[in-house]
Each structure stands twice: as structure tokens, then as C-alpha cells.
Amino acid sequence: MAESKLPKNYIQFRSRYKKLAGALDNLGKAVREEGPLDEKSAQLIQLAAAASIRSEGAVHSHCRRALDAGASADEIRHAVILLTSTLGFPAMMAALSWVEDVLSEN
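Residues numbered from 1 in each chain as written. Predicted model: local features only at pLDDT ≥ 70, side-chain atom pairs only at ≥ 80, totals over all residues. Heavy atoms only, no water.

### Focus on the overall build of the protein
To keep it simple, the criterion reads: Secondary structure elements follow DSSP: runs of H or I of four or more residues count as helices, runs of E of two or more count as strands, with numbering from the N terminus. All radius of gyration figures rest on C-alpha atoms, and the globule criterion is 2.2 Å times the number of residues raised to 0.38. Think of it in three bands: with a 1.4 Å probe and only protein chains considered, a residue is buried below 20% of the maximum accessible area for its type, exposed above 50%, and partly exposed in between. Each accessible area is a Shrake-Rupley estimate made with a 1.4 Å probe; only the visible protein chains count as cover when residues are assessed. Residues counted as positive are Lys and Arg, residues counted as negative are Asp and Glu, and His and the chain ends are not counted. Charge placement uses NZ in Lys and CZ in Arg. For Asp and Glu, CG and CD serve respectively.
Regarding its fold elements, the protein presents 7 helices and 0 strands. Taking 106 residues into account, the globule formula puts the C-alpha radius of gyration at 13 Å, and the protein, at 14 Å, falls close to it. Principal axes of the C-alpha set define a box for the protein whose edges measure 40 × 30 × 25 Å. The proportion of buried residues among the 106 residues of the protein is 28%. On the protein, roughly 6,700 Å² of surface is accessible, and the fraction owed to carbon and sulfur atoms is 57%. Side-chain charges in the protein split into 13 positive and 13 negative, and the spacing between the mean points of these groups amounts to 9 Å.

### Section: a nonpolar patch on the surface
Rule in force here: Each patch is built from residues lacking any salt bridge and having more than 30% relative accessible area; the joining distance is 9 Å for like charges and 5 Å for nonpolar side chains (Val, Leu, Ile, Met, Phe, Trp, Tyr). Put simply, a salt bridge is a Lys or Arg side-chain nitrogen that is within 4 Å of an Asp or Glu carboxyl oxygen.
Taken together, Tyr17, Leu20, Leu24, Leu27 and Val31 make up a surface patch of nonpolar side chains, about 480 Å² in accessible area. Position of Tyr17 among the secondary structure elements: in the loop between helix H1 (8-16) and helix H2 (18-33).

### Observations regarding the layout of surface pockets
Here is the rule we go by: The definitions used throughout rest on a 1 Å grid laid over the protein atoms alone, on which a cavity is an enclosed set of points accommodating a 1.4 Å probe that cannot get out and a pocket is an open set flanked by protein within 12 Å on both sides along at least five of seven lines; lining residues are those having an atom within 4 Å of a point. Grid points are joined across faces, edges and corners, and a volume is the space filled by probe spheres set on the points. Polarity classes work like this: nonpolar for Ala, Val, Leu, Ile, Met, Phe, Trp, Tyr, Cys and Pro, charged for Asp, Glu, Lys and Arg, and polar for all others, with Gly in that last group.
In this structure, the largest pocket occupies an estimated 790 Å³ of space. Taken together, 27 residues line the largest pocket, and the ones lying closest to its centre are Tyr10, Arg14, Asp25, Ser61 and Arg65. At the level of secondary structure, the elements contributing two or more residues to the lining of the largest pocket comprise H1, H2, helix H3 (39-52) and helix H4 (56-68). Among the elements that line the lining of the largest pocket, the one with the most residues is H4, at 8 residues. Here the lining of the largest pocket is composed, by residue class, of 10 nonpolar, 7 polar and 10 charged.

### Remarks on unusual backbone geometry
For Arg54, which is not glycine, the phi torsion reads 55° and is therefore positive. The topology assignment puts Arg54 in the loop between H3 and H4.

### Side note on the pattern of salt bridges
Side chains bearing opposite charge may pair, as long as their charged atoms lie close to each other. All told, the structure shown has 7 salt bridges when counted by the stated rule. For Asp25, the salt bridge identified is with Arg14, shortest N-O distance 2.5 Å. Here Asp25, found in helix H2, pairs with Arg14, found in helix H1; they are 11 residues apart in sequence, far enough to count as distant. Exposure remark for Asp25: the relative accessible area of 38% places this residue in the partly exposed category. For Arg14, a relative accessible area of 28% puts it in the partly exposed group. Here Asp74 ties to Arg77 by a salt bridge, and the two come within 3.6 Å at their closest N and O atoms. On the criterion of helical spacing, the pair formed by Asp74 and Arg77 is a turn pair, its members being 3 residues apart in helix H5 (residues 73-81). A single salt-bridge network, built from bridges that share partners, covers Asp74, Arg77 and Glu100.

Next comes the structure, spelled out in C-alpha cells:
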């Protein structure tokens with residue numbers, strides 16, 4: 001992912017706490033490699049989880065990662081609208097707006 005798309009505070013965090021950032025990278029890699037899901041599926045699941053905790057930054061991040069893993073815009077939108085009955089319409093719409101922030105960049 002292009003560094004210009006990363007939030008300034010995230011870049012500062014990674015610069016300031018290199019060992020912790022590396023440990024988080026290694027944890028993410030380890031959990032993805034632990035099971036049979038492909039990268040696209042993993043990122044769509046993490047996108048849904050990010051939407052569930054109403055984390056705008058994580059939705060942006062996992063939307064970008066899902067795109068990088070080969071997910072289409074329609075697949076990403078579908079992953080979010082599937083949450084309507086679980087999260088409720090307003091929360092789903094908020095997450096969908098965060099997805100559109102990223103999709104409009106491309």
C-alpha cells in the first residue's frame with residue numbers, strides 16, 4: 001500500500017515504535033497463515049469486523065487491503081451490506097460511507 005494513503009498518525013506510530021509495529025506485522029502474518037482462507041477472504045472478514053467495531057480507520061485499511069488482495073468494489077460493498085441485520089442500518093451505512101471513501105480514491 002502506498003505510504004501516501006496511510007494516516008499521518010499511523011506513520012508516526014510505526015516510526016516511533018518500530019519493534020511494536022514489527023510485532024504487530026508478524027502477528028497479522030501469523031494469523032493469516034494459520035488457516036486455509038485466502039488473502040481476499042481474510043481481508044473481507046477483517047473489513048466486516050472493523051465495521052462491527054465502528055473503526056473508520058480499520059475499515060479504510062481493510063478496504064484497501066481487500067482491493068490489493070483482488071476483491072472487487074462490489075464484493076467489498078457486499079461484505080458491508082451483509083452486516084445490515086447484525087449491526088443495524090445506520091452503522092452499516094456509516095461503514096459503507098468509509099468504504100466509499102477508499103473506493104473513490106481508485
